[in-house]
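Structural description and commentary
Chain residues, written in single-letter form:
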Amino acid sequence: TAGARFAVRFYYEAVAIEVSKPGSKGMLIYGAGVAGTTLVREIRTTPGLNFKVLGFLDDNREKRKEVLMGVHVLGRGRDAAGIVDRYRRRAQKIDEIIIAMPSATGRQMHEAVANCRAAGVACKTIPGVGDLLQGRVLSAQIRDLSVTDLLGRKTVHLEEGCIRSAIARRCILVTGAAGSIGSELCRQIAGFEPSR
């Protein structure tokens, strides 16, 4: 029984590597870690998904030229434009790049998005580590990027009532008001109606 189950799994994960379905979307996965390989496994075992994984992108030099679940690590994120162009010349279009780095910092996400845009390909991302630990289906959580992905932290919501009571009808001094942060502070403070 175990041998039969292993044979079926081996077939789907190693032998039947991306049998091309008509109309399937070409995809690169940015991040050859656990999340990236899990996404490949899920795409292969879910018949309704219409994706063909063409390769991985990963900035870790040690993963260069590795083969994970039959999918090659084609290069770093900076190589995305060249890889997309190479596949286009072979008449294989890359439609999307999925950023599979759930624990990436805001700076890493920003760099990944810049690399995808330089390649001229739409990019999406998968959820954070918290969503993955709750066992949500990975492929169902692929979504467009948002500003919070690039921040690398949760959005801060201001308590405007407290701020208004501290600022309204008072004289406010902002040091460094000519700089970018100081001028933005002045703009926001003006909305709370200080006396001067």
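For the structure, check the block above.
Residues numbered from 1 in each chain as written. Predicted model: local features only at pLDDT ≥ 70, side-chain atom pairs only at ≥ 80, totals over all residues. Heavy atoms only, no water.

Time to look at the pattern of salt bridges. For side chains bearing opposite charge, pairing can occur when the charged atoms are close. With the rule as written, the count across this model stands at five salt bridges. The shortest N-O distance in the salt bridge between aspartate 85 and arginine 88 comes to 3.9 Å. Of this pair, aspartate 85 and arginine 88 both sit in helix α3 (residues 80-89), three residues apart, which is roughly one turn of that helix. Given the relative accessible area of 33%, aspartate 85 is considered partly exposed. The salt bridge partner of aspartate 85 is arginine 89, with a shortest N-O separation of 3.2 Å. (Salt bridge = Lys/Arg side-chain N within 4 Å of Asp/Glu carboxyl O. Helix = DSSP H or I, 4+ residues; strand = E, 2+ residues; numbered from the N terminus. Buried < 20%, exposed > 50% of the residue type's maximum accessible area, 1.4 Å probe, protein only.)

Considering all chains together, one arrives at zero aromatic pairs under this definition. Note that arginine 90 overlies the ring of tyrosine 87, its terminal NZ or CZ placed 5.0 Å from the centroid. (Phe/Tyr/Trp six-rings, centres within 6.5 Å; stacked < 30°, edge-to-face > 60°. Lys NZ or Arg CZ within 6 Å of the ring centre and 35° of its normal.)

This paragraph deals with the nonpolar core. Counting 20 residues, the largest nonpolar core has Leu28, Tyr30, Leu57, Ile83, Ile94, Ile97 and Ile99 as its most contacted members. Elements supplying a minimum of two residues to this core: β1 (25-30), β2 (51-57), α3, β5 (96-99) and α4 (106-119). In terms of residues, this core owes the most to one element, α4, which gives five residues. Apart from residues lying up to four places away in sequence, isoleucine 94 is in contact with Gly26, Leu28, Leu54, Ile83, Val84, Tyr87 and Val121. Among the nonpolar cores identified, the runner-up in size contains 18 residues, and Ile29, Leu49, Phe51 and Val53 belong to it. (Core = buried A, V, L, I, M, F, W, Y, C linked by side-chain atoms within 4.5 Å. Contact = heavy atoms within 4.5 Å.)

The next thing to look at is the environment of alanine 112. For alanine 112, the position within the fold is in helix α4. Overall, alanine 112 belongs to the buried group, its relative accessible area being 0%. Through-space distance from the C-alpha of alanine 112 to that of isoleucine 99 is 7.4 Å; in sequence the pair is 13 residues apart. Setting aside its immediate chain neighbours within four residues, alanine 112 contacts Tyr30, Ile99 and Met101.

This brings us to the pairing of strand β4 (residues 71-75). Extensive coverage of β4 is indicated by the burial of four of its five residues. Bridging between β2 and β4 involves two bridges; their strand directions are parallel. In the strand pairing of β4, leucine 57 is matched with glycine 75. Pairing of strand β3 (residues 67-68) with β4 involves two bridges; the strand directions are antiparallel. Across the sheet, the residue bridging to valine 67 is histidine 72, located in β4. The turn linking β3 back onto β4 is made up of two residues, and methionine 69 within it adopts a positive phi angle of 55°. (Pairing = 2+ DSSP bridges.)

Before going further, it helps to examine the state of the cysteines. Here the structure, examined in full by the defined rule, presents zero disulfides. Cysteine 123 takes part in no disulfide bond, and the closest cysteine sulfur, belonging to cysteine 116, lies 4.3 Å away. Overall, the relative accessible area of 15% leaves cysteine 123 in the buried class. (Disulfide = S-S within 2.5 Å.)

Honestly, that's just the spatial picture; any functional story needs more than this.
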